[in-house]
Amino acid sequence: MNKKTRKEAMEELSLMLLYLSRFSDEDNESCRYLEMAWKNYDFNTLDELENQELIFQPRSSRGYSKYAYLTEAGKEKARVLLREYHLSDQELYEKYEFRTIRQDEADQVARIEGICFPANEACRPEIMKARVQIFPETFLVAVNQDTGKIVGFINGLATNEINLRDDFFTDPALHDPDGSNVMILGVDVLPEYRKQGIAREMMYHYLRREHDKGRRSIVLTCLANKVKMYQKFGFRDCGVSSSSWGGEKWHEMVYVLN
């Protein structure tokens, strides 16, 4: 590896430190999925990282804020640098990779769906495979770094409609890649991988990604016993949904992104 210049070293080390010290903006109810870090580094270096669209520094009439948000591109570059420097990542990212699904992984997610949901709620394997073929870009998977296998995933369908209806679960052709909203059709984590923060990280990653695409909102339905969990993620409970998928009574939950 060629020796870094002082400027390159400052930029790379600052970005890695911002990444490793980042935390979710839990106090910001409108976008608690965004990740921020306190700015304790050289201002010129931070400005250069912002010019490269690796971070975003909020400003007000009084000047810069004391924190910066990391962009998805910034976090990805930081992960690459950590591997290059042989440094450890946060524990969850040491264990799992969060990314878009690949076409050859359709069988895996179809199998996981059958494990995570009862028969009356689960998506049929042929429909799940069709979703992967038609709109892989609105899938997010959590992959075990040791085995290379998927342990959880989120899948959604983009549309300009504002409410989640039952037809979205059965007809992948309703997907509109330019749709303003995403209807989440399932959040799955294998039982043996639960209570590790995987669902939370997947959801926040999903919200950040769709926010960056300019989506207006994310909509999902859940049973009454899951409402509080999604409220902690920042979703608003809009009451009982018109959907009766699987013969159940669902609550419609909405997260406004833009």
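Owing to the predicted nature of the structure, the values given are computational and were not obtained by experimental measurement.

### Structural notes on the overall build of the chain
Helix and strand content of the chain: nine helices and 13 strands. Taken over C-alpha atoms, the radius of gyration comes to 20 Å for the chain, in line with the 18 Å a tight globule of 258 residues would show. In the chain, which comprises 258 residues, the share counted as buried stands at 50%. Taking the contacts inside the chain whose residues are at least 6 apart along the sequence as the reference set, 65% of them involve residues at least 24 apart. Of the roughly 13200 Å² of accessible surface on the chain, a fraction of 50% belongs to carbon and sulfur atoms. Of the charged side chains in the chain, 36 are positive and 42 negative, and the gap between their average positions amounts to 3 Å.

### What about the pattern of salt bridges?
Scanning all chains against the criterion turns up 21 salt bridges. Here Glu201 ties to Arg208 by a salt bridge, and the two come within 3.4 Å at their closest N and O atoms. Overlapping salt bridges bring together Arg22, Glu35, Glu72, Lys75, Glu201 and Arg208 as one network.

### A look at the packing of aromatic side chains
The description of an aromatic ring pair rests on the distance of the ring centres and on the angle between the ring planes. Overall, the coordinates contain 13 aromatic pairs when judged by the stated rule. Summarising the aromatic geometry, the rings of Tyr93 and Phe98 are spaced 5.1 Å apart at their centres and angled 55° between planes, so their arrangement reads as tilted. Here Tyr93 matches Phe98 in class, with each residue buried. The interplanar angle of 15° and the centroid separation of 4.9 Å between the aromatic rings of Phe169 and Trp245 together place this pair among those described as stacked. Placement of Phe169 in helix α7 (residues 167-170) and of Trp245 in the loop between β12 (236-240) and β13 (251-256) is noted, with a sequence separation of 76 residues between them. Judged by its relative accessible area of 18%, Trp245 falls in the buried class. Through successive ring pairs, a cluster of aromatic residues spans Tyr33, Tyr204, Tyr230, Phe233, Phe235 and Tyr255.

### A few points about the sheet that holds strand β7 (residues 96-99)
Spatially, β7-β8-β9-β10-β11-β13-β12 is the arrangement adopted by the seven strands of the open sheet, whose pairing is mixed. A single partner strand is all that each edge strand has here, and the edge strands are β7 and β12. When the angles between neighbouring strand axes are averaged without regard to direction, this sheet yields 20°. The sheet strands contacting helix α5 (residues 106-116) are β8 (139-144), β9 (150-159) and β10 (181-189), and the helix crosses β9 at an angle near 100°. Sitting on the sheet, helix α8 (residues 198-212) touches β7, β8, β9, β10, β11 (217-222) and β13, and the angle it makes with β10 is about 160°.

### Some thoughts on unusual backbone geometry
Here Glu53, not a glycine, exhibits a phi torsion of approximately 60°, which is positive. Given a relative accessible area of 61%, Glu53 falls into the exposed group. Its identity as a non-glycine residue notwithstanding, Lys195 has a phi of 65°, on the positive side. As for its placement among the helices and strands, Lys195 is situated in the loop between β10 and α8. Classification of Lys195 as exposed rests on a relative accessible area of 89%.

### Observations concerning the nonpolar core
Formed by 75 residues in total, the largest nonpolar core has its most connected members in Val109, Ile198, Met203, Leu207, Ile218 and Phe235. Ignoring anything within four residues of it in the chain, the contact list for Ile198 reads Leu92, Tyr96, Phe98, Ala142, Val151, Val189 and Tyr193.

How each quantity is defined
Residues numbered from 1 in each chain as written. Predicted model: local features only at pLDDT ≥ 70, side-chain atom pairs only at ≥ 80, totals over all residues. Heavy atoms only, no water. Helix = DSSP H or I, 4+ residues; strand = E, 2+ residues; numbered from the N terminus. Rg over C-alpha atoms; globule rule 2.2 N^0.38 Å. Buried < 20%, exposed > 50% of the residue type's maximum accessible area, 1.4 Å probe, protein only. Contact = heavy atoms within 4.5 Å. Areas by Shrake-Rupley, 256 points an atom, 1.4 Å probe, with all protein chains shown as cover. Lys, Arg positive; Asp, Glu negative; His and termini not counted. Charge placed at Lys NZ, Arg CZ, Asp CG, Glu CD. Salt bridge = Lys/Arg side-chain N within 4 Å of Asp/Glu carboxyl O. Phe/Tyr/Trp six-rings, centres within 6.5 Å; stacked < 30°, edge-to-face > 60°. Pairing = 2+ DSSP bridges. Axes fitted to C-alpha atoms, helices over the stretch in contact; angles between N-to-C directions. Core = buried A, V, L, I, M, F, W, Y, C linked by side-chain atoms within 4.5 Å.

Don't take any of this as a statement about function, it's just geometry.
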